[in-house]
Amino acid sequence: MLLQRVITALVLLAILLPALFASNAMWFALLTLAMIAAAGWEWSRLNGKPGAPALAFGAALAAACAATFYVVGFQVPTWCWWLAGGLWVLGGVRALAVGVAGWPRLSPVLRLLLGAVLLWAAWLALVVARQRGINFLLSAMCLVWMADVAAYFAGKTFGRRKLAPAISPGKSWEGAIGGLVGVIVLGVVWVHVIDLRLPVDSPSMYTVLVQRLGLVSLLALVFLSAMSVVGDLFESLVKRAAGAKDSSQLLPGHGGVLDRVDALLPVLPLALALTSL
């Protein structure tokens, strides 16, 4: 299993890194468009529409993303990020409140539409963040990874109080706090070391937040860290409601695309919203 995970990770890196560092950001946009189509296919399967409808949903989602990009390019209106962020804050928190039992009671059409909007916004945010700079995009993505890794170790060491036992029994409040501390440390290092001493191509998300919000940027990091947890829990809720362990088996040893990007879905549009202040 470990070998399988390592091989899959190496293959993904071999595919993603050339597209990420290509001089033309369109290569990254096209590659991630294929990934968002796969995520749409997984979302449809998890919400009661497997088979041909799931394939059609993934294809339609990719077409909607491509059509939007064709019209607006990288100049996505700022209100789109605030709309997506508001949907995550209100809808995501509401979904967690109704719980695993309440999710299937929602209309299948509503669930599919919600997934389409969230994935559409996340893909647009991903390509716009890449256009702003590789350093900007990586700093936002690393926030999610740091929150996850720090939460894992803090939870293993200090975890006592369950965060959402009915949705994800392994998560604890101590882990969430540890993830937040890790994110703040990462932000400080990024601003004072990476952005100042390395030949980066753009200011990081952390530097932009500090420049625009000052000390309030710490609250922004708290918020983004919390929303990464919401994204993770939301996908866990959907999987649990569907009786699935993973969103799919597209990535051997890692599950599906949604399993890898769940916490990024709210963070990317919210990062663009907050850095637009």
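Above this note sits the structure.
What comes next concerns the included structure. Predicted model only: the values in this text are computed from it and were never measured. (Residues numbered from 1 in each chain as written. Predicted model: local features only at pLDDT ≥ 70, side-chain atom pairs only at ≥ 80, totals over all residues. Heavy atoms only, no water.)

### Quick notes on the nonpolar core
Logical step 1: Residues Trp43, Trp123, Leu143, Met205 and Phe234 are the most contacted members of the largest nonpolar core, which totals 77 residues.
Logical step 2: Top element by residues in this core is helix H5 (residues 108–132). It accounts for 13 residues.
Logical step 3: Contact partners of Leu143, with chain neighbours within four places excluded, come to Val183, Leu186, Met205, Tyr206, Leu221, Leu224, Ser225 and Val267. (Core = buried A, V, L, I, M, F, W, Y, C linked by side-chain atoms within 4.5 Å. Buried < 20%, exposed > 50% of the residue type's maximum accessible area, 1.4 Å probe, protein only. Helix = DSSP H or I, 4+ residues; strand = E, 2+ residues; numbered from the N terminus. Contact = heavy atoms within 4.5 Å.)

### So, the pattern of salt bridges
Logical step 1: Applying the stated criterion across every chain yields a total of four salt bridges.
Logical step 2: One salt bridge connects Arg161 with Glu174, and the closest N-O pair in it is separated by 3.1 Å. Of this pair, Arg161 sits in the loop between helix H6 (134–158) and strand S1 (162–164) while Glu174 sits in helix H7 (residues 173–197), and the two are 13 residues apart along the sequence.
Logical step 3: Here Lys239 makes a salt bridge to Glu235, at a shortest N to O gap of 3.6 Å. Taken together, the positions of Lys239 and Glu235, both in helix H9 (residues 216–242) and four residues apart, correspond to about one turn of that helix.
Logical step 4: The class of Lys239 is buried, set by a relative accessible area of 11%.
Logical step 5: Judged by its relative accessible area of 4%, Glu235 is buried. (Salt bridge = Lys/Arg side-chain N within 4 Å of Asp/Glu carboxyl O.)

### Observations regarding a nonpolar patch on the surface
Logical step 1: Taken together, Leu2, Val6, Leu10, Leu13, Leu17 and Phe21 make up a surface patch of nonpolar side chains, about 590 Å² in accessible area.
Logical step 2: Its relative accessible area of 54% is what places Leu10 among the exposed residues. (Patch = residues over 30% accessible without salt bridge, like charges linked within 9 Å, V, L, I, M, F, W, Y side chains within 5 Å. Areas by Shrake-Rupley, 256 points an atom, 1.4 Å probe, with all protein chains shown as cover.)

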